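One-letter residues, chain by chain:
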Amino acid sequence: EDQVTQSPEALRLQEGESSSLNCSYTVSGLRGLFWYRQDPGKGPEFLFTLYSAGEEKEKERLKATLTKKESFLHITAPKPEDSATYLCAVRKYNTDKLIFGTGTRLQVFP
Amino acid sequence: EAGVAQSPRYKIIEKRQSVAFWCNPISGHATLYWYQQILGQGPKLLIQFQNNGVVDDSQLPKDRFSAERLKGVDSTLKIQPAKLEDSAVYLCASSGIRSEQYFGPGTRLTVT
């Protein structure tokens, strides 16, 4: 069965304290792994797409990496405005449907 | 570039009533999706349209949910009759040539 698991469920960081969020997946025929950010009361905001193992993407303090079984979202020197829920999703071959994990709720304190 | 628009933003109804949600995708995006997001969970696809046609509605509870996309642009999602377990945020997303899906702000539905 296709499955996406994110850990930890919640993460509290001090401002400037770097960390990583994990997204592990079991899906046959991966056609892309997506990271989204979701603020309370808003829709998910697209961050990155990764297609193959070894690929990396960066945006400001965020860096996403992909292996054959998992993806990491590294947050370097986070700021309070990085506080949000980060969602991971996968897409299989021959479909556009995204299968989402339950997200990691990140809180960054000053 | 304007984003995905949805309305209403909030809706409270009693069980067994009906409700409809509206979505206007990003201009030029041929593919439109409706997702259901229950509190504490990730979004779950309900239905996908490619222009006017349905591509995937395998997870749509067809006894109570219906959706249409007339003229390949706007879309409406309807629930009739609503149940308590339908309380959720209903998200509309669209995508163009690239694979990324862009989401609207969602409609928060509370069924009492």
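Notes on the structure in this doc start here. Bear in mind the structure is a predicted one, so any value in this text is a computation, not a measurement.

How each quantity is defined
Residues numbered from 1 in each chain as written. Chains lettered and ligands numbered in written order. Predicted model: local features only at pLDDT ≥ 70, side-chain atom pairs only at ≥ 80, totals over all residues. Heavy atoms only, no water. Pairing = 2+ DSSP bridges. Helix = DSSP H or I, 4+ residues; strand = E, 2+ residues; numbered from the N terminus. Axes fitted to C-alpha atoms, helices over the stretch in contact; angles between N-to-C directions. Contact = heavy atoms within 4.5 Å. Buried area = accessible area lost by both parts, 1.4 Å probe. Salt bridge = Lys/Arg side-chain N within 4 Å of Asp/Glu carboxyl O. Polar contact = N/O pair within 3.5 Å; in protein donor to acceptor, adjacent residues only side chain to side chain. Nonpolar A, V, L, I, M, F, W, Y, C, P; charged D, E, K, R; others polar. Buried < 20%, exposed > 50% of the residue type's maximum accessible area, 1.4 Å probe, protein only.

**Regarding the sheet that holds strand 1 (residues 3-7) of chain A**
To summarise the sheet geometry, strands pair through backbone hydrogen bonds and adopt either a parallel or an antiparallel arrangement. Residues and elements named next belong to chain A. With antiparallel pairing, the five strands of this open sheet are ordered in space as 1-3-8-7-6. Each edge of the sheet is formed by a strand with only one pairing partner; in this case those strands are strand 1 and strand 6 (56-59). Here the strands of the sheet are splayed against their neighbours by 15° on average, with no regard to which way each runs. Bridge count for strand 3 (residues 19-26) against strand 8 (residues 70-75) is six bridges, and the pairing is antiparallel.

**Re the interface of chain A and chain B**
The interface of chain A with chain B comprises 18 residues on the first partner and 20 residues on the second. When the two sides are added together, the surface that chain A and chain B hide from each other amounts to roughly 1,400 Å², 49% of it contributed by carbon and sulfur. When the buried area of chain A at its contact with chain B is split by residue, Asp96(A), Lys97(A) and Phe100(A) rank highest and sum to 31% of it. Taken together, chain A and chain B are joined by zero salt bridges. On the surface where chain A and chain B come into contact, there are six residue pairs in polar contact (both at pLDDT 80 or more). Looking at the side of chain A that touches chain B element by element, the count peaks at three residues for strand 4 (residues 30-38) of chain A. Tallied by class, residues from the side of chain A that touches chain B come to eight nonpolar, six polar and four charged.

**Observations concerning the pairing of strand 9 (residues 84-92) of chain A**
Residue and element names in this part refer to chain A. Counting buried positions over the nine residues of strand 9 gives seven, a clear majority of the element. Taken together, the seven bridges between strand 4 and strand 9 define a ladder with antiparallel strand orientation. The residue bridging Leu30 from the neighbouring strand is Lys92, located in strand 9. Pairing of strand 9 with strand 11 (residues 104-109) involves three bridges; the strand directions are antiparallel. Its bridge partner lying in strand 11, Ala84 is registered against Leu106. Bridge analysis of strand 9 against strand 10 (residues 98-100) gives three bridges, and the strand direction is antiparallel. Of the residues in strand 10, the one forming a bridge with Val90 is Ile99. Counted between consecutive antiparallel strands, the loop separating strand 9 from strand 10 contains five residues, among which Asn94 sits at a positive phi close to 65°.

**Regarding the sheet that holds strand 8 (residues 75-79) of chain B**
Residue and element names in this part refer to chain B. Taken in spatial order, the four strands of this open sheet run 1-3-8-7, and their pairing is antiparallel. Strands at the two margins of the open sheet, each flanked by one partner only, are strand 1 (5-7) and strand 7 (65-68). For this sheet, the mean inter-axis angle between neighbouring strands, taken without regard to orientation, is 15°. By the bridge criterion, five bridges tie strand 3 (residues 19-24) to strand 8 in an arrangement that is antiparallel. When the sheet's bridge partners are listed, Val19 is paired in strand 8 with Ile79.

By themselves these figures say nothing about function.
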